[in-house]
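# Per-entry structural report
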Amino acid sequence: MTIPTDRGLGVVGVVDAVTAQLRARILGGEIRSGEPLTEAAVSQSFGVARPSAKAAIEQLVASGLLVRTAHRTARVVGIDQATVRDVYRTRTRLESAALRELARARRVPAAAVEANAELLAMGPGPDPATVDPDLRFHTALIDALHSERTGRMYRSVLDEVRLCMAQVQGRRLLNAEEIAAQHREMLDAVAAGAEDEAAELLRAHLASAEERLVEALGRD
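Residues numbered from 1 in each chain as written. Predicted model: local features only at pLDDT ≥ 70, side-chain atom pairs only at ≥ 80, totals over all residues. Heavy atoms only, no water.

### A closer look at the pattern of salt bridges
One pass over the full model with this rule turns up 18 salt bridges. Put simply, E30 and R25 hold a salt bridge, and the shortest N to O gap is 4.0 Å. By relative accessible area, E30 is classed as partly exposed at 42%. In this structure, the salt-bridge partner of E195 is R100, at a minimum N-O distance of 3.5 Å. Here the residue E195 occupies a position in helix α10 (residues 195–218), and R100 occupies one in helix α4 (residues 81–105), the gap between them amounting to 95 residues. A relative accessible area of 28% means that R100 is categorised as partly exposed. Counted as one network, the salt bridges with shared partners bring together R85, R89, E210 and E211. (Salt bridge = Lys/Arg side-chain N within 4 Å of Asp/Glu carboxyl O. Buried < 20%, exposed > 50% of the residue type's maximum accessible area, 1.4 Å probe, protein only. Helix = DSSP H or I, 4+ residues; strand = E, 2+ residues; numbered from the N terminus.)

### Details of the nonpolar core
Within the largest apolar cluster, 54 residues are counted, with the highest numbers of intra-cluster contacts made by L22, I26, V42, L66, V84 and Y88. Apart from residues lying up to four places away in sequence, V84 is in contact with I79, C164, E210, L213, V214 and L217. (Core = buried A, V, L, I, M, F, W, Y, C linked by side-chain atoms within 4.5 Å. Contact = heavy atoms within 4.5 Å.)

### Section: the packing of helix α5 (residues 110–120) against helix α6 (residues 131–143)
As a packed pair, α5 and α6 sit with axes 8 Å apart at the nearest point and diverge in direction by 165 degrees. Compared by their axis directions, α5 and α6 come out roughly antiparallel. In this structure, α5 crosses over α6, and the sense of that crossing is left-handed. Contacts from A111, A112, A115, N116, E118 and L119 of α5 reach α6 at P133, D134, R136, F137, A140 and L141. (Axes fitted to C-alpha atoms, helices over the stretch in contact; angles between N-to-C directions. Parallel < 35°, antiparallel > 145°, perpendicular 65-115°, else oblique. Left-handed = near helix turned anticlockwise from the far one by under 90°.)

### Examining helix α2 (residues 39–46)
Looking only at α2, the buried set comprises A41, V42, S43, S45 and F46. Elements that come into contact with the buried residues of α2 comprise α1 (14–27), β1 (36–37) and α3 (50–63). Among the residues trailing α2, G47 stands out with phi positive, at a value near 65 degrees.

### Things to note about unusual backbone geometry
A positive phi angle, near 50 degrees, is found at R106, a position not held by glycine. Position of R106 among the secondary structure elements: in the loop between α4 and α5. The residue H146 is not glycine, and still its phi comes out positive at about 55 degrees. Looking at where H146 falls in the secondary structure, it is placed in the loop between α6 and α7 (148–155). Residue class for H146 comes out exposed when judged on its relative accessible area of 70%.

### Some details on helix α9 (residues 176–191)
With 16 residues, α9 extends 22 Å from end C-alpha to end C-alpha; this agrees with the ideal 22 Å at 1.5 Å per step. Every buried residue belonging to α9 is among A176, I179, A180, H183, M186, L187, A189 and V190, and all of these are buried. Structurally, the start of α9 carries an N-cap: the backbone nitrogen of E177 is 2.8 Å from a side-chain oxygen of N175. Count one or two residues on from α9 and you reach G193, which has phi positive near 75 degrees. (Expected span 1.5 Å × (residues − 1). Polar contact = N/O pair within 3.5 Å; in protein donor to acceptor, adjacent residues only side chain to side chain.)

This is how it looks when you write it as structure tokens:
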């Protein structure tokens, strides 16, 4: 396969630079689900040594964007209904615990408020641009715990979350105003110290996105 390489690698380490560009192309749909990604192709396309190409692929396997079984070529992970349900329910477990802890302290993360303000500033109707501020809102809930390990656990599923959200947004299923309103309700519950309400609002919020995507994938 040929991988477009019009963007410069920059001054960061070669492996990290290749990993970042491959990741961007996967999440952007330039390298599609199920497509193989060989060390030879990556090495040739980016003009890097095979060990560097292999290390970049391994980083993407570790992050969950690529899958590889024994003695098989790595492939972009496929997003199916079972994957969506597992990813979103993993998010719910982690974020629900975070919201409960924040609600007990009545601590509303400023970064979450800022991310939600970006959503509110968007025009009416679905827009793929909602993905970044939406994920920054949810990540801010985790980061507000100031736990390196919890943050690391959450980020281990973020790339799969992005793949799922890109599928949703590509089908124009989500609305920025609706997302922001649901986020606001969660933050209001946190500010009021209503941890059960906050957790339930989050569960409903993520379950709605999960079901919309599962339904859309079922129509393929």
